[in-house]
Amino acid sequence: MEEERKYHIGFGRRDLGDDLPFAAVLCGDPARTRRIATAFPGVELIRPLSENRGLASFLVRIPGGRKIVCVTSGMGAPSLSIVANELAALGLSRMIRVGTTGSIQDPVRAGSVIITRAALCAQGASLDIAPPEYPAAADPFLTMALVQAARELKVDWHMGVTASVDTFFEGQERTLTSANPYLLRRLQGITEEYRRLNILNFEMECGTLLKMSGVYGFAAGCVCAVIDDRTTGECIDLSLKERAEADAIGVALKALEDMDAGCP
Ligand code: URA
């Protein structure tokens, strides 16, 4: 017998209404999820779904009339993998991560947004789902919809390969702002190595989401607000965060509004 409510996300199929939502938008930070659901222009709150474990979730209607769920995935891939699994079990067939990220390439400035087309997935959780060499590839239709939306909204956008890692400090080669100034030898110089591999940015969830999408058979994409520029230092630029986050949210919602429903 199907559970009434999924154990971690705290809502179930019946809470979503007769027809399944068109997509799930996943945010690591519950404040961002709430911002989309309750304070973003054009978004109509249908109902809050759950606050279980701090994973605030909402059913909303976006401009154009489509119903989606905004769900908090928590920090890092282990938490995201649980949330994405339960959403897939409920039947959600499209998921877009709307996150934050640090740029490692000179032309990609804090304040812009990055659309991920594929990830270098250096994440332990993903190894429980697929072997390391399994591709972490974004859905091409979702990704094109994100690009088209970014163009139309005239935001400062980039598209490329993202490095998804498990730690904010060591794995992203932070030493000055970390309580641990020591880095394992294999992590010393990792930012420069990734830069030379033409990787645009560091973040902590997307690679596992993209691998899961391939294995489970749902479509996934990712758009992140760049909130720090790792070519110049280690600190988050809070003065740019709100605007960049609004741009990333706007891009995701417009992509979902404009997407051809026939796309998988
Ligand atoms: N999220 C990350 O994982 N890294 C950053 O630098 C910013 C946001």
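Everything discussed here concerns the structure shown above.
Quick caveat: nothing in here was measured; it's all calculated off a predicted structure.

Q: Which residues make up the packing of aromatic side chains, and what values go with them?
A: For any pair of aromatic rings, the description consists of the separation of the ring centres together with the inter-plane angle of the planes. Taken as a whole and judged by the stated rule, the model has three aromatic pairs. Where F168 meets F169, the ring centres are 5.1 Å apart and the plane angle is 80 degrees; that geometry is what we call edge-to-face. You can call F168 partly exposed: its relative accessible area is 31%. Positioned over the ring face of F22 is R66, at 3.8 Å from the centre of the ring. Its guanidinium or amino end placed over the ring of F168, R174 lies 3.8 Å from that ring's centre, counting from NZ or CZ.

Q: Before we move on, can you summarise the pattern of salt bridges with the specific residues and values?
A: One pass over the structure, following the stated rule, counts 16 salt bridges. R243 is the salt-bridge partner of D247, the closest N and O atoms lying 2.8 Å from each other. Linking D247 with R243, this pair stays in helix 7 (residues 238–258), spanning four residues, or about one helical turn. Given the relative accessible area of 54%, R243 is considered exposed. A single network of salt bridges, built from pairs that share partners, joins R32, R35 and E245.

Q: Outline the nonpolar core, listing residues and values.
A: In this structure, V60, I68, I96, V98, V223, L253 and L256 are the most contacted members of the largest nonpolar core, which totals 39 residues. The dominant element in this core, judged by the number of residues it contributes, is helix 7, at nine residues. Apart from residues lying up to four places away in sequence, V60 is in contact with A37, V43, E44, L45, I46, R66, K67, I68 and C70. Among the nonpolar cores identified, the runner-up in size contains 29 residues, and I9, L55, A84 and L210 belong to it.

Q: Break down the site of the ligand for me, citing the residues and quoting the values.
A: Around the ligand sit T100, T101, G102, F168, Q172, R174, F202, E203, M204, I227 and D228, and that is every residue in its neighbourhood. Residue Q172 places a side-chain N or O atom 2.8 Å away from a nitrogen atom belonging to the ligand. Here R174 contributes a side-chain N or O atom positioned 2.8 Å from an oxygen atom of the ligand. Listing elements by their share of the shell around the ligand, those giving two or more residues are strand 5 (94–103), strand 8 (199–203) and strand 9 (219–229). Among the residues making up the shell around the ligand, the classes are represented as four nonpolar, four polar and three charged.

Calculation rules
- Numbers given to residues run from 1 along each chain, matching the order in which its sequence is written.
- Residue-level local features of this predicted model are given only where pLDDT is at least 70; pairs of side-chain atoms are given and counted only at 80 or more, and the full residue set underlies all totals for whole chains, interfaces and linings.
- Based on all heavy atoms of the structure, the side-chain values leave hydrogens and waters out of the count.
- Any two rings among Phe, Tyr and Trp, with Trp reduced to its six-membered ring, count as a pair given centres within 6.5 Å; such a pair is stacked if its planes are under 30 degrees apart, edge-to-face if over 60, and tilted if neither.
- Relative accessible area decides the class of each residue, using a 1.4 Å probe on protein chains only: under 20% of the type maximum gives buried, over 50% gives exposed, and in between gives partly exposed.
- By definition here, charges over rings are those cases where NZ of Lys or CZ of Arg is within 6 Å of the ring centre and within 35 degrees of the ring normal.
- The term salt bridge refers to a side-chain nitrogen of Lys or Arg lying within 4 Å of a carboxyl oxygen of Asp or Glu.
- Numbering of helices and strands runs from the N terminus; a helix is a DSSP stretch of H or I covering at least four residues, while a strand is a stretch of E covering at least two.
- Nonpolar core, defined: a set of buried Ala, Val, Leu, Ile, Met, Phe, Trp, Tyr and Cys residues in which side-chain atoms within 4.5 Å join the residues together.
- Should any heavy atoms of two residues lie within 4.5 Å, those residues are counted as being in contact.
- Each residue is tested against the molecule or strand, and it is near if at least one of its non-hydrogen atoms lies within 4 Å.
- Within 3.5 Å is the distance limit for a polar contact, defined as a pair of N or O atoms, with the added protein rule that one can donate a hydrogen and the other accept it, and that residues adjacent in sequence qualify only through two side-chain atoms.
- Side-chain classes are defined by residue name, with Ala, Val, Leu, Ile, Met, Phe, Trp, Tyr, Cys and Pro counting as nonpolar, Asp, Glu, Lys and Arg as charged, and the others, Gly among them, as polar.

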